[in-house]
Structures are given as structure tokens and as C-alpha cells.
Amino acid sequence: MEIIIKGMVCHHCVEAVDRVLRSAGLTPVSVTLGRAEISETLDDSALQILDNLLENEGFTRIIDADTSLVERIKRAVIDHVRRPGECRLNLSACLEDHLGVNYDTMSRVFSSHEGRTIEKYQMAQRVEWVKELLGYGQYTVSEIADMTGYSSTAHLSRQFKNLTGMTPTEYLNTSMPRTGLNEV
């Protein structure tokens, strides 16, 4: 049985959902961003219990088509952002190619559900990746700009400051914890 799950944005989320499924006595066949496949078929009462367990961890099971499309878009954007050298297409063409849905339709559904554009979501994802890489303490801002597909360090710094209110260097010098995507 396939379960579509909202709110999964990183490998930690995959691990958390896997733990939830196992704690519910289920057998995960695979768990990836936004999806889990289990061996069992669940009835309505078992799905309700699973929904409660997922919600306790900050996730939601998706039932309707538009919400499912939004989650598919999010996963594709994350993939596009995290692998800048692999996709030579611009974001809209990449999403159309990956999801097989007209970009205008995706854009309309995404904006109505999320209250922001796909492009703003992409920018937030890139900045979250930059924050993650900065947190490792292993790379310079210049190296991070190159790794994350920014055309220059200045471009990364401008976008980072626009979304967070501080430069990457200022961010590094603060002891502020990373904020989640909903807060960006």
C-alpha cells in the first residue's frame, strides 16, 4: 500500500516516518521523500491511528489530488535544487519533464495551496541547503555558492540576506538555530 505524506523535506524526515511506521507495527517496503510503501493494507481505523502518529511527528497523510500534486512539486523542486549540475533545464521545464504536468497548472495549484510561488519555494530550499552547508563548517561561502548552483558569491549573499535578513557570514557568527521552511 502506498501512502503519500506531506511535510517530508530531508533524509531526517524519511528516518522519522520509517520509525513511525515501524512503531505502528507496519512493514515499510520503502520510504522516500513524500512517500512510503508498506506491505500491509490498512482499513479506515488503522489509517486514522497512522494519521495521528504521523501528525505527532509533524507529518500529514495526503488524500486529495491537488495536495498530492503540491507534494510532488515540492519533492521535484528539492531534487532540482540539491542536484544543480544534473538538470540543465530551467525549473519550469524540469518540473514539466519530471511530473508530466503543464507548468501553468502546477503554478496555479501550488500558489493556491502554499500561498507562495514555486520560485519562492525554490529560493527557500536553496537557502536552507546553504544554511545546512554553512553549519558543517567545512566550506567557504564561495565553495557553497558553487556547490548550490549560484552564479556568484554575491548572488548567494543577496538571496540569503533577502530571505533571512542576514548575510551568510552574519548567520555563521550567530548562534541562532536553523529555522524551518515554514518560517522562511
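Right, let's walk through the structure included here. Here the structure is a predicted model, which is why all the values come from computation and not from measurement. Counting starts from 1 at the beginning of each chain's written sequence and moves along it residue by residue. Note on the predicted model: pLDDT of at least 70 is required for a residue's local features to be given, and 80 or more for side-chain atom pairs to be given and counted; whole-chain, interface and lining totals, by contrast, use all residues. Derived side-chain values reflect all non-hydrogen atoms in the structure, with water molecules and hydrogen atoms excluded from consideration.

## Side note on the overall build of the protein chain
Only DSSP runs of H or I with at least four residues qualify as helices, and only runs of E with at least two residues qualify as strands; both kinds are numbered from the N terminus onward. Summing up its helical and strand segments, the protein chain has 9 helices and 4 strands in all. Ordered by position from N to C terminus, the α and β elements of the protein chain give β-α-β-β-α-β-α-α-α-α-α-α-α. Taking 2.2 N^0.38 as the reference for a compact globule, 184 residues should give roughly 16 Å; the C-alpha atoms of the protein chain span a radius of gyration of 18 Å, in line with that estimate. Along the longest, intermediate and shortest principal axes, the C-alpha atoms of the protein chain span 55 × 40 × 30 Å. Exposed residues in this analysis have more than 50% of their type's maximum accessible area, buried residues have under 20%, and partly exposed residues fall in between, with area computed by a 1.4 Å probe over protein chains only. Across the 184 residues that make up the protein chain, the buried fraction comes to 39%. Long-range pairs, those at least 24 residues apart, make up 56% of the contacts in the protein chain with a sequence separation of at least 6. The Shrake-Rupley method, run with a 1.4 Å probe, gives the accessible areas here. Residue values count only the displayed protein chains as cover. In the structure as shown, the protein chain presents an accessible area of about 10,100 Å², 47% of it carried by carbon and sulfur atoms. Neither His nor the chain ends is counted toward charge; the positive residues are Lys and Arg and the negative residues Asp and Glu. Throughout, a charge is located at the NZ atom of Lys, the CZ atom of Arg, the CG atom of Asp or the CD atom of Glu. Side-chain charges in the protein chain split into 19 positive and 26 negative, and the spacing between the mean points of these groups amounts to 6 Å. We compute the radius of gyration over the C-alpha atoms and compare it with the globule rule, which gives 2.2 Å times the number of residues raised to the power 0.38. Whether two residues are in contact is decided by their heavy atoms, any of which lying within 4.5 Å being enough.

## Re the packing of helix α6 (residues 118–136) against helix α8 (residues 153–164)
One can describe the packing of α6 onto α8 by two numbers: an axis separation of 10 Å at closest approach and a directional angle of 105 degrees. One way to sum up the angle between α6 and α8 is to call them roughly perpendicular. Contacts between α6 and α8 pair Met-123, Ala-124, Arg-126, Val-127, Val-130, Lys-131 and Leu-134 from the former with Leu-156, Gln-159, Phe-160, Leu-163 and Thr-164 from the latter. Angles here are taken between N-to-C directions and fall from 0 to 180 degrees, while the axes themselves are lines fitted to C-alpha atoms, restricted in helices to the stretch in contact. An angle below 35 degrees is treated as roughly parallel, one above 145 as roughly antiparallel, one from 65 to 115 as roughly perpendicular, and anything else as oblique.

## What about the side chain of Thr-67?
Along the polypeptide, Thr-67 turns up in helix α3 (residues 65–82). Residue classification places Thr-67 among the buried positions, given a relative accessible area of 14%. For Thr-67, the residues in contact, after removing those within four places along its chain, are Lys-6, Ile-62 and His-113.

## Quick word on the nonpolar core
Proteins that are soluble and globular tend to have nonpolar side chains buried together. Among the nonpolar cores identified, the biggest contains 29 residues, and Ile-73, Val-77, Leu-95, Met-106, Ile-118, Leu-156 and Phe-160 are the most heavily contacted of them. Among the secondary structure elements, those contributing two or more residues to this core are α3, α4 (91–99), α5 (103–114), α6, α7 (141–147) and α8. Setting aside chain neighbours within four positions, we find Phe-160 in contact with Val-127, Val-130, Lys-131, Leu-134, Gly-165, Met-166, Thr-167, Pro-168 and Tyr-171. For our purposes a nonpolar core is just a set of buried Ala, Val, Leu, Ile, Met, Phe, Trp, Tyr and Cys residues, chained together by side-chain atoms within 4.5 Å. Counting residues in each nonpolar core, the second largest holds 18 residues, with Met-8, Val-14, Leu-21 and Leu-26 among its members.

## Comments concerning the pattern of salt bridges
A pair is scored as a salt bridge if a Lys or Arg side-chain nitrogen falls within 4 Å of a carboxyl oxygen belonging to Asp or Glu. According to the stated counting rule, one finds 8 salt bridges in the structure shown. For the salt bridge of Lys-74 with Glu-114, the shortest nitrogen-to-oxygen distance reads 3.2 Å. Of this pair, Lys-74 sits in helix α3 while Glu-114 sits in helix α5, and the two are 40 residues apart along the sequence. Looking at Lys-74, the relative accessible area reads 13%, which means it is buried. With relative accessibility at 23%, the residue Glu-114 sits in the partly exposed group. The partner of Lys-131 in a salt bridge is Glu-128, with the nearest N and O atoms 3.1 Å apart. Here Lys-131 pairs with Glu-128, and both are found in helix α6, just 3 residues apart, close to one helical turn.

## Things to note about the environment of Thr-32
Along the chain, the position of Thr-32 falls in strand β2 (residues 28–32). Its relative accessible area of 41% is what places Thr-32 among the partly exposed residues. The sequence separation of Thr-32 and Gly-100 amounts to 68 residues, and the corresponding C-alpha distance is 20 Å. Look past the residues within four positions of Thr-32 in its chain and what remains in contact with it is Met-8 and Val-14.

## A look at the environment of Thr-27
Along the chain, Thr-27 falls in the loop between α1 (11–23) and β2. Measuring from C-alpha to C-alpha, the distance between Thr-27 and His-80 comes to 30 Å, with 53 residues separating the pair along the chain. Among residues more than four places away in sequence, those in contact with Thr-27 are Glu-37, Ile-38, Ser-39 and Glu-40. Pairs of N or O atoms within 3.5 Å make up the polar contacts considered here, provided that, within protein, one atom can donate a hydrogen while the other can accept it, and that residues adjacent in sequence are counted only when both atoms are side-chain atoms. A distance of 2.9 Å separates a polar atom in the side chain of Thr-27 from a polar atom in the side chain of Glu-40.

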